[in-house]
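Examining the three-dimensional arrangement
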Amino acid sequence: MDPLTWGEIIPRIIVQLTPVWIALAVTFALSITFKRRLGLYGKLFDSVIGMMGFALVMFWVFAAVFGAMDLILTHDPLAQSGNMKNKVPGTPYTKMIGEAADGAYPYYLLGGDNLGRDVFSRMIAGAWIVVQIGPLATLFAFMAGITLGLPAAYYGSKLDTSLTFLANLVLAFPVILLFYLLVTPEIVATGIPTYMAMVLFIFPLVFIVILLNARYHTQPKVRAPLLAAVIAVLGLLYLSLISDSSGPIRWLPAWLDLFDIPGGILVVFVAVVFVNAPTVFRIVRGIALDIKTRDYVAAAQTRGEGPWYIMLWEILPNARGPLIVDFCLRVGYTTILLGTLGFFGLGLPPESPDWGSTINEGRKLLSIYPHPALPPALALLSLVLGLNLLADGLREESLRD
Amino acid sequence: MGLFILRRIAVMILTALCLTFIVFFLTNLYPNLEKLAKTQGNMRMTDTQVDSWLENRGYLEPLPVKYGQWLGVLPGYVTEDPEGAVRGRCIDTGMEPEEAPTFCGVLQGNWGYSTVFQDGVWDIVSTRLALTGKLMFWVMVLMVPSALILGVLAGMREGSRTDRTLSTVSIVSTATPEYVSGVILIAVFASSAVGLKWFKGTATSAMESATFDNFFLPVLTIALYGMGYIARMTRASMAEVMTQQYIRTARLKGVSFRNVVLKHALRNALIAPFTVIMLQFPWLLNGVVIVETLFNYKGFGWTLVQAAGNNDIELLLGVSIVSVIVVLVTQLISDVGYVYLNPRISVT
Amino acid sequence: MVKQAYDGPILEIDQLSISFFTRLREIPAVMDFSCKVMPGEAMGLVGESGCGKSTVALGVMQDLGVNGRVVGGSIKFKGRELNAMSDAELRDIRGSEIAMIYQEPMASLNPAMKIGRQLMEVPIIHEGVSEAEARARALEVVTDVKLPDPERILASYPHQLSGGQQQRIVIAMALMANPSLLILDEPTTALDVTVEAAVVELVKDLGKKYGTSMLFISHNLGLVLETCDRICVMYSGEAVETGSIGDVFDKMRHPYTQALFRSIPLPGADKNAKPLVAIPGNFPLPHERPRGCNFGPRCDYFEAGRCDAGDIPMEPVPGDERHRSRCVKFKEIDWEMLALGADRTETSEPGDVILRMDDLKKYYEVAASALFSGGETKVVKANESLSFEAHEGETLAIVGESGCGKSTFAKVLLGLETATSGDITLDNKAIGDTPIAERDTQTVADVQMVFQNPFDTLNPSMTVGRQIIRALEIFRIGNSEAERRARMLDLLDLVKLPREFADRMPRQLSGGQKQRVGIARAFAGDARIVVADEPVSALDVSVQAAVADLLMEIQRRQKTTLLFISHDLSIVRYLSDRVLVMYLGHVVEIGTTDQVFAPPYHPYTEALLSAVPIADTRVQKKHIVLEGDIPSAMNPPPGCPFQTRCPWKSQVPGTKCETEMPPVLDMGDGHKIKCHLTREKLDGMEPVITLAAE
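Just so it is clear, the model here is predicted, and its values are computed rather than measured.

Moving on to the overall build of chain C. Looking only at helices and strands, chain C features 21 helices and 26 strands. In summary, chain C has a C-alpha radius of gyration of 27 Å against a globular reference of 26 Å for 694 residues, a match within 12%. With the C-alpha coordinates aligned to their principal axes, the bounding extent of chain C is approximately 75 × 70 × 55 Å. Here chain C, with 694 residues, has 57% of them falling under the buried criterion. Counting only contacts in chain C whose residues sit at least 6 apart along the sequence, the fraction spanning at least 24 positions is 67%. Split by element, the accessible area of chain C, about 27,500 Å² in all, is 49% carbon and sulfur. Where the 75 positive side-chain charges of chain C centre and where its 96 negative ones centre are 2 Å apart.

Structurally, the position occupied by Ser74 of chain C is in strand 4 (residues 68-77). In contact with Ser74 of chain C, other than residues within four places in its own chain, are Glu12, Ile13, Asp14, Glu81 and Asn83 of chain C.

Another aspect to go through is the packing of aromatic side chains. Tallying each qualifying case throughout the model produces 35 aromatic pairs over all chains. With a centroid separation of 5.1 Å and an interplanar angle of 70°, the aromatic rings of Trp60 of chain A and Trp355 of chain A are classed as edge-to-face. With a gap of 295 residues between them, Trp60 of chain A in helix 4 (residues 48-68) and Trp355 of chain A in helix 16 (residues 355-362) connect regions that are remote in the sequence. Taking relative accessible area as the criterion, Trp60 of chain A reaches 5% and is therefore assigned buried. With a relative accessible area of 0%, Trp355 of chain A lands in the buried category. Their ring planes at 20° and their centres at 6.5 Å tell us that Tyr309 of chain A and Trp313 of chain A sit as a pair that is stacked. Pair noted here: Tyr309 of chain A and Trp313 of chain A are both in helix 14 (residues 307-315), with a separation of four residues, about one helical turn. For Trp313 of chain A, a relative accessible area of 24% corresponds to the partly exposed category. Ring-pair connections join several aromatic residues into one group, and the members of that group are Trp21, Phe59, Trp60 and Trp355 of chain A. Geometry around Phe343 of chain A places Arg363 of chain A over its ring, the cationic atom sitting 4.8 Å from the centre. Over the face of the ring belonging to Phe21 of chain C we find Arg69 of chain C, whose NZ or CZ atom lies 4.3 Å from the ring centre.

Contacts between the two partners involve 42 residues from chain A and, on the opposite side, 50 residues from chain B. Surface buried jointly by chain A and chain B totals about 4,100 Å² across both partners, of which 78% is contributed by carbon and sulfur atoms. Along the contact surface separating chain A from chain B lie two salt bridges. Here Asp392 of chain A and Arg232 of chain B are joined by a salt bridge, their closest N and O atoms 2.9 Å apart. The interface formed by chain A and chain B includes four residue pairs in polar contact (both at pLDDT 80 or more). At the level of secondary structure, the elements contributing two or more residues to the side of chain A that touches chain B comprise helix 6 (157-172), helix 7 (175-182), helix 8 (185-190), helix 15 (320-343) and helix 17 (374-399) of chain A. The element that contributes the greatest number of residues to the side of chain A that touches chain B is helix 17 of chain A, accounting for 12 residues.

Right, let's talk about the pattern of salt bridges for a bit. Pairs can form between side chains of opposite charge once their charged atoms are near each other. Overall, the coordinates contain 56 salt bridges over all chains when judged by the stated rule. A salt bridge links Arg395 of chain A to Asp392 of chain A; its shortest N-O distance comes to 3.0 Å. You can see Arg395 of chain A and its partner Asp392 of chain A sitting in helix 17, three residues apart, about one turn around the helix. The class of Arg395 of chain A is partly exposed, set by a relative accessible area of 33%. Among the ionic pairs, Asp32 of chain C bridges to Arg326 of chain C, the shortest N-O distance being 3.3 Å. Pair noted here: Asp32 of chain C is in strand 2 (residues 26-37) and Arg326 of chain C is in the loop between strand 12 (324-325) and strand 13 (353-367), with a separation of 294 residues, a long-range link. Residue classification places Asp32 of chain C among the partly exposed positions, given a relative accessible area of 28%. Connected via shared salt-bridge partners are Arg215, Arg303, Glu305 and Glu314 of chain A together with Arg466, Arg470, Glu473, Glu481 and Arg484 of chain C.

We now examine the sheet that holds strand 18 (residues 447-450) of chain C. Residues and elements named next belong to chain C. Sheet architecture is open: eight strands sit in the order 18-19-20-15-21-22-25-24, paired in mixed fashion. Either end of the sheet is taken by a strand with one partner, and the two such strands are strand 18 and strand 24 (664-666). Here the average twist between neighbouring strands, direction ignored, is 20°. For strand 22 (residues 586-592) and strand 25 (residues 672-674), the ladder comprises two bridges, and the chain directions are antiparallel. Bridged to Ile590 within strand 25 is Lys672.

To continue, consider the domain arrangement of chain A. All names here are of chain A. As far as domains go, chain A holds domain 1 (6-125 + 374-400) and domain 2 (129-332). Together, Leu387, Ala391 and Leu394 form the three largest contributors to the area buried by domain 1 at its contact with domain 2, with a combined 37%. Taken together, domain 1 and domain 2 are joined by zero salt bridges. For the pair domain 1 and domain 2, the number of links is zero residue pairs in polar contact (both at pLDDT 80 or more). Considering each element in turn, the side of domain 1 that touches domain 2 owes the most residues, eight residues, to helix 17.

Residues and elements named next belong to chain B. For the pair helix 5 (residues 121-156) and helix 12 (residues 313-341), interaxial distance at closest approach is 10 Å and the crossing angle is 45°. Taken together, the axis directions place helix 5 and helix 12 in an arrangement best described as oblique. Classified by chirality, the crossing of helix 12 by helix 5 is right-handed. Taking contact as the criterion, the partners of Val121, Ile124, Val125 and Leu129 in helix 5 are, on helix 12, Glu314, Leu315, Gly318, Val319 and Val322. Among the residues forming the contact of helix 5 with helix 12, the class breakdown is seven nonpolar, one polar and one charged.

Here the focus is the domain arrangement of chain C. It is common to report an interface's size as the accessible area lost on association of the parts. Residue and element names in this part refer to chain C. Domains assigned within chain C are domain 1 (11-228), domain 2 (238-325), domain 3 (353-580) and domain 4 (595-691). Here the C-alpha centroids of domain 1 and domain 4 sit 34 Å apart. At the interface, 17 residues of domain 1 touch 16 residues of domain 4. Together domain 1 and domain 4 conceal approximately 1,200 Å² of surface at their shared face, both sides included; 65% is due to carbon and sulfur atoms. Across the contact surface, domain 1 and domain 4 share one salt bridge. A salt bridge links Lys621 to Glu226; the nearest nitrogen and oxygen atoms lie 2.8 Å apart. Where domain 1 meets domain 4, there are three residue pairs in polar contact (both at pLDDT 80 or more). Listed by contribution, the elements that provide at least two residues to the side of domain 1 that touches domain 4 are helix 6 (163-175), helix 7 (193-210) and helix 8 (221-227). The element contributing the most residues to the side of domain 1 that touches domain 4 is helix 7, with seven residues. Per-class residue counts for the side of domain 1 that touches domain 4 are seven nonpolar, six polar and four charged.

This paragraph deals with unusual backbone geometry. At the junction of Pro599 of chain C and Pro600 of chain C, the peptide bond is cis and its omega measures out at 0° in the coordinates. Turning to its location among the elements, Pro600 of chain C is positioned in the loop between helix 18 (593-596) and helix 19 (603-611). The residue Asp70 of chain A is not glycine, and still its phi comes out positive at about 65°. Of note, Asp70 of chain A is situated in the loop between helix 4 and strand 1 (91-92). Even without glycine at this site, Glu186 of chain C takes up a positive phi of about 45°. Examined against the element boundaries, Glu186 of chain C turns out to sit in the loop between strand 7 (181-185) and helix 7. A relative accessible area of 9% means that Glu186 of chain C is categorised as buried.

Okay, the pairing of strand 22 of chain C next. All names here are of chain C. Within strand 22, six of the seven residues are buried, leaving the element largely enclosed by the surrounding structure. The pairing of strand 21 (residues 578-583) with strand 22 spans six bridges and is classified as antiparallel. Residue pairing in the sheet places Val581 in a bridge with Glu589 of strand 22. Once strand 21 ends, the chain turns through two residues before running back antiparallel as strand 22, passing Leu584 with a positive phi of about 45°.

What counts as what
Residues numbered from 1 in each chain as written. Chains lettered and ligands numbered in written order. Predicted model: local features only at pLDDT ≥ 70, side-chain atom pairs only at ≥ 80, totals over all residues. Heavy atoms only, no water. Helix = DSSP H or I, 4+ residues; strand = E, 2+ residues; numbered from the N terminus. Rg over C-alpha atoms; globule rule 2.2 N^0.38 Å. Buried < 20%, exposed > 50% of the residue type's maximum accessible area, 1.4 Å probe, protein only. Contact = heavy atoms within 4.5 Å. Areas by Shrake-Rupley, 256 points an atom, 1.4 Å probe, with all protein chains shown as cover. Lys, Arg positive; Asp, Glu negative; His and termini not counted. Charge placed at Lys NZ, Arg CZ, Asp CG, Glu CD. Phe/Tyr/Trp six-rings, centres within 6.5 Å; stacked < 30°, edge-to-face > 60°. Lys NZ or Arg CZ within 6 Å of the ring centre and 35° of its normal. Buried area = accessible area lost by both parts, 1.4 Å probe. Salt bridge = Lys/Arg side-chain N within 4 Å of Asp/Glu carboxyl O. Polar contact = N/O pair within 3.5 Å; in protein donor to acceptor, adjacent residues only side chain to side chain. Pairing = 2+ DSSP bridges. Axes fitted to C-alpha atoms, helices over the stretch in contact; angles between N-to-C directions. Domains from an automatic or database assignment. Parallel < 35°, antiparallel > 145°, perpendicular 65-115°, else oblique. Left-handed = near helix turned anticlockwise from the far one by under 90°. Nonpolar A, V, L, I, M, F, W, Y, C, P; charged D, E, K, R; others polar.

Structural data, given as structure tokens:
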């Protein structure tokens, strides 16, 4: 078989991505039809920038999801082929020397990498890792930043001074140094990341419990069962998350431990949350300091509301605009950080198809074979670009009255 | 003003102490020490051998004591092994124990010895820092003016076509981390596959003599990422200033648009980005490490990777102090500069 | 540029229409607006917020932003069409021929440029003079606006000056090029009353001195009466009535103008005997304007088929010079008839004392400089020996300007702060030292507050009903969600809001409606003492009366004690039973409303009364203008707090005013004055406000 030309590769890729196009079209059709009823999300479809950003982000989300469901991948992203090493895009696929196995996709659409793995499939499979970790890690960082930032702004004085000092301490730490110190096998062996996970992951639990308690403390009949249920469910999730059959924390018996997070991913997760949380803290603190002076906060105080009710039900909902915008930007930043980790080969296993690691492997032969490094680089670029555009669109629309 | 700077410096020293202690703690964890013992001594050492190796070199003392010694505020350890050989932190090879100084830590200028480079940490750090300084200088020369011009041009007429175009440029540039832009730039301008070959894909030769050929790509790579961020900050700040009442006052006084921008808006609009530029430093360090690795430019960032990758504890500590101090000093400059730029804050 | 001599009208606006364009639609902001300003004449442009008066000013300046556009009509300045001018021509005129003064002095000065530079810029641009000459001019004008130490002022940055001084600088800047037309857009709204009076005086004098024509934009009819020769009343984008001050104030020929005058508290209005008449309904949104007369739906004289038939032109009023009205029926309406529905209500007698303050003191410690915490601290004496009693069912007004300590007092009473010393007794229970977290639910529910800013008083992300229900939950009222919901709907009825509002978000409500929700929330736990912190000052004139009357009505029904904090003496006289005047943390005068508004006065009360503009041509006022600004509470003067500005100081022998805190003089019947003046001097004071006989 002859290698494909670019004129043939591109249509083939587009066809391969069919499920993504369908999903995108459905999402946009539904959203635009009902945009007047969808609040801020609906308003997004009034802004060209916002729509472009949303389309880019959703493209990768769908690609990742369908990739994980094996609807898009052409080959196993981890399978190596001795014959396909550094082959250019469009090369016909052969396992060793000879013809392709039956049923296998006949080409490496974007070529093969230095171990003869399919670059296209690795790019799609990498999206799944990125799309999972980025938003989730950012969410955890937000929980921690909000739970600490609100009281710092609301109470002020000593609490504020010390928390701000701590945040600045983490911020003054060069990120890359922190990663090198945290994400090495030796440190992982001491269990420090697990202990950090223990601290960082408790925040969502604390956050939700305080949130509900503040709202329902006037109605003990509702409060008690609600809190018990929430603590039970979230507590189990939390304990499953931090306790690991092979890690330093083994608090849960095996039959109760719902899942184990692979060590590498947990460390990466912790490192990224740890680096992001102080920035979120500073943003939340800044906004809360502003909202604190509003009359409706004073009104809540004069009717004797507790401080946590005021922080979580009076201040936080009104800070949501800038926080949502920052969330989008921060997911992008987290994605970049993840890539940085991969680029230095930290944390995730070396064969992992995530974009950072792939770029790292591809860069060694960059001057001769740029094709293995370029697709993940462009993928990362487009996802982060999409998130930035989305944030810009949201900011513009939320400011417009 | 003096009091203000003093307070800032006090906080800075406290921060530096906290951070170095954390680094010290993390690098001196037992698994790291064990690895050190095995690489320096013998790969097949038993656990007891490892312990005695570490014991003899003062590694097993309590952490605060070790930190004090390293800092130079506690006397260096002195141990005697069963054979009667005396070892001490402050005793160099061939030196009599009695002649050795009591304190020898960072404060005394004794930064330790790098196991990877087989050289004094201070020498390594200072030469590498100079190389990175050269890189950073050119990055700043390229990045700051272009970012400010981009931001001011975009922000002075919010919503115009110029604004839309320039804002898109800066968004694209913030969305392109160094390892992405570096890869793309090398692939396009330096690889044999595309064949343009305008620049060199490596900057190793730039360490001795930097030319446009071998230095432009790394400088551009770092500058691109930071540029978008500063430009967006400047744009936001400029756009906000342009909606202020005093800009309308100036316009309705009959000031021409050019002078409204240059005389009235610019100074106010640059207050916020100034802080941002200064706070870019810890961020730029990230870029420096990536770019130096990617372009094989053996500067400070490259040293950091080597030290961390090879468990070179003393070098890693040295690198950490320097980077933390660089970050803190820029923060101090940013605070002081902010006060000078903004007449509304009076420090008297 | 050489200014041409010109003796025609300075400004002639003819059938001007201005629209703003959004993505969805065109929003007409000004329609068919005409007016003429002659040389040396001052024209007042009056209307409520959103009526388009500021848009007219910006239209004259040709500075409507990217979305605004003149869509019809002409604006002629000295006979030249402004709409057709190029940017360069406009630049020549702006600042030199037409100058503008804005509402927020701080915002309209460049914070990073020294005052001198900003002033000198004007002659340098327009006349091309040298720096030295420009500086000399600046110095001269700064002296003209009566600022002390002009050299130092020129060398300072805007933030180093007080609000009143900044506004004088803005005025100086406008006068630098000796313009023919001065546009003033609410120039004193951000200032305290006594400072406002001084600035208004200055503008009047300088206008005369330089012979400048003025376009004075304000929502305050009293201020327009004091400064202008002619007036134009605007409503919802249109001029509805224009004419000389005398004609419009005394012989108004448009129902809106009449309704406006009936809804503001003028001397003689009384909450029981002669209550205000609120204008029913709401201001129409620009894209929801009715057909025909914009005021039609709210007008008492509305006649279907005529008023909503089509566009209504401005018609001259026969017999008056340049007096025109936009009403099809103005010739038929009996303008002498009394307002409809002005019923007399029962006077309610105050009951027992329920709140007693005894020698209350509240001091704050603040850092000497904002940039560093720690180090030296200063003590701010926010409240100093505050003593008074409040009875059940009475309205006690607390009057004072910024920094007088009225808000601090409210915080202490509500338990958000605790008193430094002294007692607060509520029903014989001391609550001065009890922070709100330690107060029992009943006490918290008993003492509630209504806030000033309607846009800030409700949580923007919670429905109106939810917010009231939350207050009920906190006060432990009702046993189930359903009970509380029913009670919440009752509360909406109480404040005369439709029940559908329960499910609305605050942003869907107008300012007056939000304020009503705030009142409903305050009364959720049947509050017995309500602190109302300037509850109507941020509302439009026509809504103010309705909200004030609502408060009075609820008070009458529930026997609530109302502590009414305000700086607006007109509304205070209208609705309060007793008045307490504060200055820099001290109570300087307390007494019944009649006692405080009639001599003898405390010198500060006297100045305050003189400073408040009253929109009534019959009123004769004694002219007292205070010098300088209110001292900072951080750094109060020694002796009597008012001594730095007191016009009576020379009447007190020796240096008693500078050194000694004045004693409290009991003038009888609970009327007390804190002053060094002797009884004879006080008794000899003349009334500030007299009504000329009709």
